[in-house]
Amino acid sequence: MAQTLDWDVVIDAISGKNVGMGVDEKALITTLGNSHKDHRKLFRKASKSFFEEDEERAFEKCHDQFVKHLRLEFSRFNNAVVMWSMHPWERDARVVKKALKKGDECYSLIVEVACTRSSEDLLGARKAYHSLFDQSMEEDIASNIHGSRRKLLVGLVSAYRYEGNKVKDDSAKSDAKILAEAVASPGEKAIENDEVVRILSTRSKLHLQHVYKHYNQIKGSDLLGGVSESSILNDALLCLLKPSVYFSKILNASLNKDADKGTKKWLTRVFVTRADHSDEMKDIAEEYNQRYGETLAQNIQEKIRGNYRDFLLTLLSKSN
Amino acid sequence: MATFKVSSSVPSPSEDAEQLKTAFEGWGTNEDLIISILAHRSAEQRKLIRQTYHEVFGEDLLKSLDKELSSDFERAILLWTMEPGERDALLANEATKRWTSSNQVLMEVACTRTSTQLLHARQAYHARFKKSIEEDVAHHTTGDFRKLLVSLISSYRYEGEEVNMTLAKQEAKIIHEKIKDKHYNDEEVIRILSTRSKAQINATFNRYQDAHGEEILKSLEEGDGDDKFLQLLRSTIQCLTRPELYFVDVLRSAINKSGTDEGALTRIVTTRAEIDLKVIGQEFQRRNSISLEKAITKDTRGDYEKMLVALLGEDDDA
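Worth saying up front: this structure is predicted, and the values here are computed from it rather than measured.

Novice: Kindly report on the overall build of chain A, identifying the contributing residues and their values.
Specialist: A count of helical and extended segments in chain A gives 18 helices and two strands. Once the C-alpha set of chain A is aligned to its principal axes, its extents read approximately 80 × 40 × 35 Å. Residue pairs in contact within chain A that sit at least 24 positions apart in sequence constitute 66% of those at least 6 positions apart. As presented, chain A carries roughly 15300 Å² of accessible surface, and 50% of it is formed by carbon and sulfur atoms.

Shown next, in the form of structure tokens:
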């Protein structure tokens, strides 16, 4: 068959080198689907970066990395769909379970679930946890994490925050004073303070907004600037006070082409878990635009391909 | 098992509401009529009566009762008529206030309710007090008490019967080591008591007994008698493993004191009448050689006594 197949398209589609995430399924279908097996053989022989010639046994073998990579690139859409079909409570319960298994670097996911969901949704996640894993979320977290982070994380997931609009401003003021003193200590010391844990894990979000306001007045500086960015304390504060900032930051990190595999997964998680809350998604998109100059939609268009891209854009458009 | 009696043919909520209204009318109040109705209705039925009363007469039944009644009888009727979640929320809130503060009550509500009941209490707390239960408990307790109580009140325990025996062994060992060194307030002890399911906790303490030859509660008796935290810890464990025995202890000291502790007596009878007051009564009789009803009638009088007896199911109305 004399068919000029555009193997560059295939290489592009599956190497993800220049463009980002996801796979251009249409291009692949056209090219690979139409190809004759001899052409594919030629393709394999010519693509030394993906295939290695096993001369003794006369076939072209895939590099391990290539297989891994292919699976990953194809799996994004798959993961997104599976996650999207799940009940939000199950979704969140599974996110927490996975974060616990992965360890240290993923504890911010627990903070995210505990602090950005409504009281009913967090409660729902705890119910789902019972159902899925035959244990309570708090017992799993408590037995797998130790020290000051345990206290904070268990506290945050156990909260059933008041969601009404009554606030006692004097309480907020005194909480702000306590926070001001505690945060002055370096590093993670602040979360060892029982009062900090109390304030962050029991107060209503509205109350915390008041605390934030008073804190900034007392200190003359922004609480959110004054805490180390990579700390769990910062994650908690950001999630509780300015969730759209938190989400736009992690979206930005996940869209960065140098991001690692784990970070890139954040994109799916944020979109799938927030898309049902159109107000929030809108806020996130606006915040992103303000912070990074481009719109989320643009960025996705540029950096993602195939069904994965279309799915994300569809979720995004739900909020408009 | 519940103790109070509901007859097989119950008047409609509107009939009951009408009757209650007549009980309030004129000079004085017809307490007997109030008891004969409210003490013989289930939580669901009482809820309907309250709704109907409000629709027909434009006032919350609880408010009317408050206007007409007083003292211990009123407290008993009000607590009884409330929905369980509301009741627990009220008890918890009172327990955080200065003059009525009680770590024991907070622990009791947190540990003797099912996960669902505790959840209802937390929801009712939002609605009534415009705050979360945990923020109030945290704010009004300190140190070790806060650590224990906030964890207990925020728990949403798994309620299945599955037990991990290996885990039970490990955690029994941890607890044994901590208690040996008198580290009663250790994080691990608090973690285990406030996050594990009740089935798991029971298995853990059974293991403890097998491994060390004595019951955990016995081991804890050896501590300092004045250590209030230790006392609270003992009660916590008792509530999680043998709540009926805890309630028997509380009732016994409430009734035996020179001068009855009506607060405790009312609280236990109204909160357990729909749950396990029967078993509590049986245990009480076994340990005190006198029936709970007799002990109560010896120590109380008037309408208050009649109400308690009705909730015990020992009255003749049905």
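Novice: So what's going on with the UniProt feature "binding site: Ca(2+) 2" (unreviewed entry) in chain B? Residues and values would help.
Specialist: Residues and elements named next belong to chain B. UniProt's feature table lists "binding site: Ca(2+) 2" (unreviewed entry) at Ile255 and Lys257, given in the numbering used throughout. Residue placement: isoleucine 255 occurs in helix 16 (residues 243-256). Exposure remark for isoleucine 255: the relative accessible area of 7% places this residue in the buried category. In this structure isoleucine 255 touches Thr260, Leu265, Phe284, Leu292, Ala295, Ile296 and Asp299, once residues within four positions along its chain are discounted.

Novice: Which residues make up the UniProt feature "binding site: Ca(2+) 1" (unreviewed entry) in chain B, and what are the values?
Specialist: All names here are of chain B. Mapped onto this structure's residue numbering, the UniProt feature "binding site: Ca(2+) 1" (unreviewed entry) falls at Phe24, Gly26, Gly28, Glu68, Gly259, Asp299, Thr300 and Glu305. In three dimensions, the annotated residues from a span of 282 residues occupy distinct locations, with a maximal C-alpha spread of 33.7 Å. Relative to the elements of secondary structure, glutamate 68 occurs in helix 4 (residues 61-68). The class for glutamate 68 is partly exposed, based on a relative accessible area of 31%.

Novice: Go over the environment of histidine 210 of chain A, please, and point to the residues and values.
Specialist: All names here are of chain A. On the secondary structure map, histidine 210 appears in helix 12 (residues 205-219). Overall, histidine 210 belongs to the partly exposed group, its relative accessible area being 23%. Considering only alpha carbons, one finds histidine 210 and leucine 241, 31 residues apart in sequence, at a separation of 9.9 Å. Beyond its immediate sequence surroundings of up to four residues, histidine 210 is in contact with Val167, Asp169 and Ala172.

Novice: Explain the domain arrangement of chain A to me, and be specific about the residues and the numbers.
Specialist: Residue and element names in this part refer to chain A. Taken as a whole, chain A is organised into domain 1 (1-85), domain 2 (87-160), domain 3 (169-241) and domain 4 (242-319). Averaged C-alpha coordinates put domain 1 and domain 4 at centres separated by 27 Å. Each partner contributes to the interface: domain 1 provides 17 residues, whereas domain 4 provides 21 residues. Between domain 1 and domain 4, roughly 1700 Å² of surface is buried when both sides are summed, and carbon and sulfur atoms account for 69% of that area. The interface formed by domain 1 and domain 4 includes zero salt bridges. The tally of links from domain 1 across to domain 4 stands at one residue pair in polar contact (both at pLDDT 80 or more). For the side of domain 1 that touches domain 4, the secondary structure elements donating two or more residues are helix 1 (7-15) and helix 4 (64-85). Of the residues assigned to the side of domain 1 that touches domain 4, the class counts are ten nonpolar, three polar and four charged.

Novice: I'd like a rundown of helix 1 (residues 13-24) of chain B, residues and numbers included.
Specialist: The periodicity of an α-helix, 3.6 residues per turn, causes residues three or four places apart in sequence to face the same way. Residue and element names in this part refer to chain B. Along its twelve residues, helix 1 runs 17 Å from first to last C-alpha, staying within 8% of the 16 Å computed at 1.5 Å per residue. On its buried face, helix 1 sits against helix 2 (31-38), helix 3 (43-57) and helix 4. Note on helix 1: the residue one or two positions beyond its end, glycine 26, has a positive phi of about 75°.

Novice: Pulling in residues and values, what's your account of the domain arrangement of chain B?
Specialist: Domains assigned within chain B are domain 1 (13-69), domain 2 (84-154), domain 3 (165-241) and domain 4 (244-312). Each of domain 1 of chain B and domain 3 of chain B was reduced to a C-alpha centroid, and the two centroids are 45 Å apart.

Novice: How would you summarise the interface of chain A and chain B if you had to cite specific residues and measurements?
Specialist: Contacts between the two partners involve 29 residues from chain A and, on the opposite side, 26 residues from chain B. The contact between chain A and chain B buries some 2600 Å² in all, and 53% of this surface belongs to carbon and sulfur atoms. On the chain A side of the contact with chain B, Glu139, Tyr160 and Tyr162 of chain A bury the most area, a combined 25% of that side's loss. Taken together, chain A and chain B are joined by 20 residue pairs in polar contact (both at pLDDT 80 or more). Ranked by the residues each element gives to the side of chain A that touches chain B, the list is headed by helix 7 (residues 119-133) of chain A, at five residues. For the side of chain A that touches chain B, a count of residues per class yields five nonpolar, eight polar and 16 charged.

Novice: Tell me what's going on with the pairing of strand 2 (residues 59-62) of chain A, and back it up with residues and numbers.
Specialist: Residue and element names in this part refer to chain A. Looking at chain direction, strand 1 (residues 51-54) and strand 2 are connected through four bridges and run antiparallel. Paired with glutamate 52 across the bridge in strand 2 is lysine 61. Remark: four residues form the turn of the hairpin made by strand 1 and strand 2, two consecutive strands paired antiparallel; alanine 58 in that turn has positive phi of roughly 60°.

Novice: Account for the side chain of arginine 122 of chain B, with residues named and values stated.
Specialist: Secondary-structure assignment places arginine 122 of chain B in helix 8 (residues 115-129). Assessed through its relative accessible area of 3%, arginine 122 of chain B is described here as buried. Setting aside residues up to four positions removed in sequence, arginine 122 of chain B forms contacts with Arg126, Ser158, Ala159 and Tyr160 of chain A together with Ile133, Glu134, Ile153, Ser154 and Ser155 of chain B.

Definitions and limits used
- Residues numbered from 1 in each chain as written.
- Chains lettered and ligands numbered in written order.
- Predicted model: local features only at pLDDT ≥ 70, side-chain atom pairs only at ≥ 80, totals over all residues.
- Heavy atoms only, no water.
- Helix = DSSP H or I, 4+ residues; strand = E, 2+ residues; numbered from the N terminus.
- Contact = heavy atoms within 4.5 Å.
- Areas by Shrake-Rupley, 256 points an atom, 1.4 Å probe, with all protein chains shown as cover.
- UniProt positions renumbered as here; feature names shortened; annotations may be inferred.
- Buried < 20%, exposed > 50% of the residue type's maximum accessible area, 1.4 Å probe, protein only.
- Domains from an automatic or database assignment.
- Buried area = accessible area lost by both parts, 1.4 Å probe.
- Salt bridge = Lys/Arg side-chain N within 4 Å of Asp/Glu carboxyl O.
- Polar contact = N/O pair within 3.5 Å; in protein donor to acceptor, adjacent residues only side chain to side chain.
- Nonpolar A, V, L, I, M, F, W, Y, C, P; charged D, E, K, R; others polar.
- Expected span 1.5 Å × (residues − 1).
- Pairing = 2+ DSSP bridges.

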